[in-house]
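# A structural walkthrough
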Amino acid sequence: MPSNKQRRQAAQRHLQRQLERRAEQAKKRRRNLLLLVTVVAVLVVAGAAFLVTGLGGDDDTTTASGTDAAATTSAAAAPTPGPGAERAGQTTTAGPCTYTYDAQGSSGVANDAPSGDVATEGTVAETVTTSAGAIGLTLDQAAPATCATASFVSLASQGYFDGTPCHRLTTGEGLQVLQCGDPSGTGGGGPGYAFPTSTAGSETYARGTLAMANAGQGTDGSQFFLVYGDSQLPADYTVFGTIDEAGLAVLDGIAAGGVADGSSDGAPASPVTIESVTPAA
């Protein structure tokens, strides 16, 4: 019969084997957990890569009231640079204004930003001739509208707006505007440069207001909106002019036609095209 000492030794050996088995099991669990974490991390990275490479497009794809202009790309093929890509990141100065090239011009040519001296007081009159009628504008050259007006006049002189659509009409109670200035017609296009939004913080957007659309501070480009009905907006959009009564009548007619899909926000039911923007006679 085993002695007490032998029984104690056997119990100790049994306990040691249990401890060793438990340690080995814990080691396996840690190894499996590490493998699981590694797999999850790989999947997360792969998912992020898909999001980055699968939803390529312009840097400025969303205007203040625009839409997302996503285009599918692959990891192996980078998007084709826009016109004027070699100027991306460069700046040009015009009086108190600074314009920064982003190489995302959507007009098919590399449009030039204003340079040299620009008017910083007074007004200038422009006529926007559209397929729906002529819209007279009075542009303010004084701050805070100086840079927006200089850009608008410069682009108009280059024929940038000619033949371009007014891609968005809103007819809701608190937002009644016609948005134009994007040659691509997607809401994500621009002239290939941007400049800072300039506001006093007290701007209102009553009927007859002309203002710049943007995708946030510093992203003003070529898109603008014409307010035909008092609109409730934060003071985040550069106001740079007014619309004459004849132009408002044209806008009223466009608005009366409604939105193409029957909603209160989208492309006009009757397409509106800017034929030219010229100095008023």
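Description of the structure in this document.

Cut-offs used in this document
- Residues numbered from 1 in each chain as written.
- Predicted model: local features only at pLDDT ≥ 70, side-chain atom pairs only at ≥ 80, totals over all residues.
- Heavy atoms only, no water.
- Helix = DSSP H or I, 4+ residues; strand = E, 2+ residues; numbered from the N terminus.
- Buried < 20%, exposed > 50% of the residue type's maximum accessible area, 1.4 Å probe, protein only.
- Contact = heavy atoms within 4.5 Å.
- Areas by Shrake-Rupley, 256 points an atom, 1.4 Å probe, with all protein chains shown as cover.
- Salt bridge = Lys/Arg side-chain N within 4 Å of Asp/Glu carboxyl O.
- Polar contact = N/O pair within 3.5 Å; in protein donor to acceptor, adjacent residues only side chain to side chain.
- Pairing = 2+ DSSP bridges.
- Axes fitted to C-alpha atoms, helices over the stretch in contact; angles between N-to-C directions.
- Disulfide = S-S within 2.5 Å.

### Looking at the overall build of the protein chain
What the protein chain contains, in helices and strands, is three helices and 15 strands. In the protein chain, which comprises 281 residues, the share counted as buried stands at 36%. Expressed as a percentage of contacts within the protein chain between residues at least 6 apart in sequence, the contacts between residues at least 24 apart total 64%. Total accessible area computed for the protein chain in this model is approximately 14600 Å², and 56% of it derives from carbon and sulfur atoms.

### Here we look at the pattern of salt bridges
Applying the stated criterion across every chain, the model contains two salt bridges. D265 serves as the salt-bridge partner of R168, at 2.2 Å between the closest nitrogen and oxygen. On the criterion of sequence distance, the pair formed by R168 in strand 8 (residues 168-170) and D265 in strand 14 (residues 265-266) is long-range, its members being 97 residues apart. Looking at D265, the relative accessible area reads 35%, which means it is partly exposed. Between R207 and D252 there is a salt bridge; the shortest N-O distance is 3.0 Å.

### Brief notes about the side chain of S222
Mapped onto the elements, S222 comes out in the loop between strand 11 (209-212) and strand 12 (224-229). A distance of 2.7 Å separates polar atoms of two side chains, one belonging to S222 and the other to Y160. Looking at S222, its side chain comes within polar contact range of the main-chain oxygen of G181, at 2.7 Å. Not counting chain neighbours up to four residues away, the residues in contact with S222 comprise L155, Y160, F161, C180, G181, G189, G190, P191 and M212.

### Details of the sheet that holds strand 4 (residues 97-101)
Reading across the sheet, the three strands line up as 3-4-10 and stay open at both edges, with antiparallel pairing between neighbours. The sheet terminates laterally at strand 3 (91-94) and strand 10 (193-194), the two strands that pair on one side only. Pairing analysis gives two bridges linking strand 4 to strand 10, with the strands arranged antiparallel. Each bridged residue has a counterpart across the sheet, and for T100 the counterpart in strand 10 is A194. Helix 2 (residues 146-157) contacts strand 4 and strand 10 of the sheet and is inclined by roughly 55° relative to strand 4.

### Here we look at the state of the cysteines
In the structure shown here, the tally under the stated rule is two disulfides. The side chain of C97 participates in a disulfide bridge whose partner is C147; the two sulfur atoms lie 2.1 Å from each other. Judged by the sign of its S-S torsion, about -95°, the cystine formed by C97 and C147 is left-handed. Remark: C147 occurs in helix 2 and C97 occurs in strand 4; sequence separation between them is 50 residues. With a relative accessible area of 18%, C147 lands in the buried category. Here C166 engages in a disulfide with C180; their sulfurs sit 2.1 Å apart. On the sign convention where negative is left-handed, the bridge of C166 and C180, at about 95° about the S-S bond, is right-handed. Placement of the pair is C166 in the loop between strand 7 (164-165) and strand 8 and C180 in strand 9 (residues 176-180), with a sequence separation of 14 residues.

### A look at unusual backbone geometry
The peptide bond linking A143 to P144 adopts the cis configuration, its omega dihedral lying at 5°. For P144, the location among the structural elements is in the loop between strand 6 (133-140) and helix 2.

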